[in-house]
Amino acid sequence: MCSGKKAILIRASMIVMPLVFCSCSIVSFHSRPSSQGSVGSCHSFVVASIYEEKLKREGLQVELSQKDLFLRVFFQGIDERQEILRQLTMSVDRKLPKTYHEGSSLNRVADQVKRYGVLSAEDEPYVHTFKSGLPMQMKHLRHARMTVNRKASVLKKRLGRSLTRAEKATIVDAQFALLQKQGVIDALCIKEGDRSVVRRFAANFEFKQARADRSLKTMKHIVTLLRHGSVGAGLSQYPWAGRASRHSTSGHAVVLRDYDPATGEFVISNPWWLRSFGAERYDRIAAMEFMSYLETYVWLQDNRPAAMRKVFSSEVTKSTTTMNQHSSSRATTTEPGKKRYKSQLRPF
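Residues numbered from 1 in each chain as written. Predicted model: local features only at pLDDT ≥ 70, side-chain atom pairs only at ≥ 80, totals over all residues. Heavy atoms only, no water.

Colleague: Tell me about unusual backbone geometry, and name the residues and values.
Modeller: With a phi angle near 60°, R214 is a residue other than glycine that sits in the positive phi range. Residue placement: R214 occurs in the loop between strand 3 (205-211) and helix 9 (216-225). (Helix = DSSP H or I, 4+ residues; strand = E, 2+ residues; numbered from the N terminus.)

Colleague: Can you tell me about the pattern of salt bridges, naming the residues and giving the values?
Modeller: Applying the stated criterion across every chain, the model contains 15 salt bridges. Between E52 and K56 there is a salt bridge, with its nearest N and O atoms 3.2 Å apart. Of this pair, E52 and K56 both sit in helix 1 (residues 42-57), four residues apart, which is roughly one turn of that helix. The exposure class of E52 is buried, given its relative accessible area of 4%. On the basis of relative accessible area, K56 is assigned to the buried category, the value being 9%. The partner of E124 in a salt bridge is K67, with the nearest N and O atoms 3.8 Å apart. With E124 in the loop between helix 4 (106-116) and helix 5 (134-159) and K67 in helix 2 (residues 66-75), this residue pair connects regions lying 57 residues apart in the sequence. Using a relative accessible area of 9% as the deciding quantity, one classes K67 as buried. Where salt bridges share partners, they join E53, R57 and R257 into one cluster. (Salt bridge = Lys/Arg side-chain N within 4 Å of Asp/Glu carboxyl O. Buried < 20%, exposed > 50% of the residue type's maximum accessible area, 1.4 Å probe, protein only.)

Colleague: Summarise the packing of aromatic side chains; cite the residues concerned and give the values.
Modeller: Scanning all chains against the criterion turns up seven aromatic pairs. Taking the centre distance of 5.9 Å and the plane angle of 20° together, the rings of F70 and F74 count as stacked. Of this pair, F70 and F74 are both found in helix 2, four residues apart, which corresponds to roughly one turn of the helix. With a relative accessible area of 2%, F70 lands in the buried category. Judged by its relative accessible area of 1%, F74 falls in the buried class. A ring pair is formed by F74 and F75, whose centres lie 5.0 Å apart and whose planes are at 90°; its orientation type is edge-to-face. (Phe/Tyr/Trp six-rings, centres within 6.5 Å; stacked < 30°, edge-to-face > 60°.)

Colleague: Could you give an account of the sheet that holds strand 8 (residues 265-269), naming the residues involved and the relevant values?
Modeller: Taken together, the six strands give an open sheet; going across it, the order is 3-10-4-7-8-9, and neighbouring strands pair in antiparallel fashion. Strands at the two margins of the open sheet, each flanked by one partner only, are strand 3 and strand 9 (282-286). Each neighbouring strand pair of the sheet contributes to a mean axis angle of 35°, computed without reference to strand direction. Sheet topology places strand 7 (residues 253-260) next to strand 8; five bridges connect them, and they run antiparallel. Residue D260 lies in a different strand from strand 8, and its bridge partner there is E265. The strands touched by helix 1 within the sheet are strand 3, strand 4 (231-235), strand 7, strand 8 and strand 10 (294-302), with strand 7 carrying the most contacts at an inclination of about 45°. (Pairing = 2+ DSSP bridges. Axes fitted to C-alpha atoms, helices over the stretch in contact; angles between N-to-C directions. Contact = heavy atoms within 4.5 Å.)

Colleague: Quick one: what's the story with empty space enclosed by the protein, residue by residue and with numbers?
Modeller: Summed over all chains, the structure comprises one cavity of 30 Å³ or more. For the largest cavity, the calculated volume is near 50 Å³. Taken together, eleven residues line the largest cavity, and the ones lying closest to its centre are S44, F70, V73, E102 and S104. Every element with two or more residues in the lining of the largest cavity is listed here: helix 1 and helix 2. (1 Å grid on protein atoms, 1.4 Å probe; cavity = no way out; pocket = protein on both sides within 12 Å on 5 of 7 lines; lining within 4 Å. Points joined across faces, edges and corners; volume = space filled by probe spheres on them.)

Colleague: Account for the nonpolar core, naming residues and giving values.
Modeller: Across soluble globular proteins, nonpolar side chains show a tendency to be buried alongside one another. Counting 28 residues, the largest nonpolar core has V47, Y51, L64, V113 and F207 as its most contacted members. Excluding anything up to four places from it in sequence, V113 contacts V47, Y51, L69, V118, V198, R199 and A202. (Core = buried A, V, L, I, M, F, W, Y, C linked by side-chain atoms within 4.5 Å.)

Colleague: Describe the packing of helix 5 against helix 6 (residues 165-182), and please don't skip the residues or the numbers.
Modeller: Taken N-terminus to C-terminus, the directions of helix 5 and helix 6 make an angle of 155°; their axes are 10 Å apart at the nearest point. Between helix 5 and helix 6, the crossing angle belongs to the class labelled roughly antiparallel. Where helix 5 crosses over helix 6, the handedness of that crossing is right-handed. Every residue of helix 6 that contacts helix 5 at H140, L141, A144, T147, V148, K151, A152, L155 and L159 is listed here: E167, I171, V172, Q175, L179 and Q182. Residue classes in the contact of helix 5 with helix 6 are distributed as nine nonpolar, four polar and two charged. (Parallel < 35°, antiparallel > 145°, perpendicular 65-115°, else oblique. Left-handed = near helix turned anticlockwise from the far one by under 90°. Nonpolar A, V, L, I, M, F, W, Y, C, P; charged D, E, K, R; others polar.)

Colleague: Describe helix 2, listing the residues and the values that go with them.
Modeller: Counting buried residues along helix 2, ten of its ten residues qualify, which places the element largely inside the surrounding structure. Residues Q66, K67, D68, L69, F70, L71, R72, V73, F74 and F75 constitute the buried set of helix 2. As for helix 2, its buried residues are in contact with helix 1, helix 3 (80-93), helix 4, helix 5 and helix 7 (184-188). Looking one or two residues past helix 2, Q76 carries a phi angle of roughly 50°, positive in sign.

As structure tokens, this is what we get:
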């Protein structure tokens, strides 16, 4: 519950607007951000973090898998092996961008949560520092696409003509076999597991998005939303990373955790925490400065009647027990040729 309200003044140029800040302590509901490394998974981090906070408020102490959500978005309902093979085939004729299919939007990621749910981080951990981690596997896939493009270009130049379908297939098959040997294909395949609790929970919420006009009215709305939970923010740029790394990133997404009326700063969880500052891995950014880079912001709106909220809370303990039992008994690997899901979703 909120311990109290404080009235403050935010001044911009000659305009003064009173904002009401609710001094709620919500940091206890947050997990520390995992660095996305070289993978464009910031949108997955933001969406998983917002849903995770809501689950913890209901009593379900679980950390959601950012890797599972990222792979859902990356493959967009297409069989993993077919999608990787398609990317290699496309690379024969043209060089794909380094972050091909890795970028997304907060709404698209939230849609994957409602359709499929999310595994727990215990079932599918997001490892970013070791060679077996997701960034390393994505690096292998990017390198494979570049290698296919380079080999096709060299062969085409040597033969002095366009490559036949059979010649293209030979290059692609050889690179795909190498990825299988390296274990990249299996590492990027989506694991099976119990996602029903998160999927059922997400169905009760509406993922709201608003375009920021960078006005004090928008800032007031965000501060009001922070009284009830975290707010996701889509930014045109995140220049504050330069305070530690001397460079900024564009098209970034972060989580607004709180607002400090004493300093006029937003408290932010940033998935680039290795380049962030602060002992608790939270950035503190001047609110008015932050608003100048804000493009969109998102939040979860609870559409359940009060009675349904109580019913769900009473089932949380039972759901937690089921998820833990499933996690301990489930095999961590599946058959290489097994299709894990099928969807009619179209790729980007």
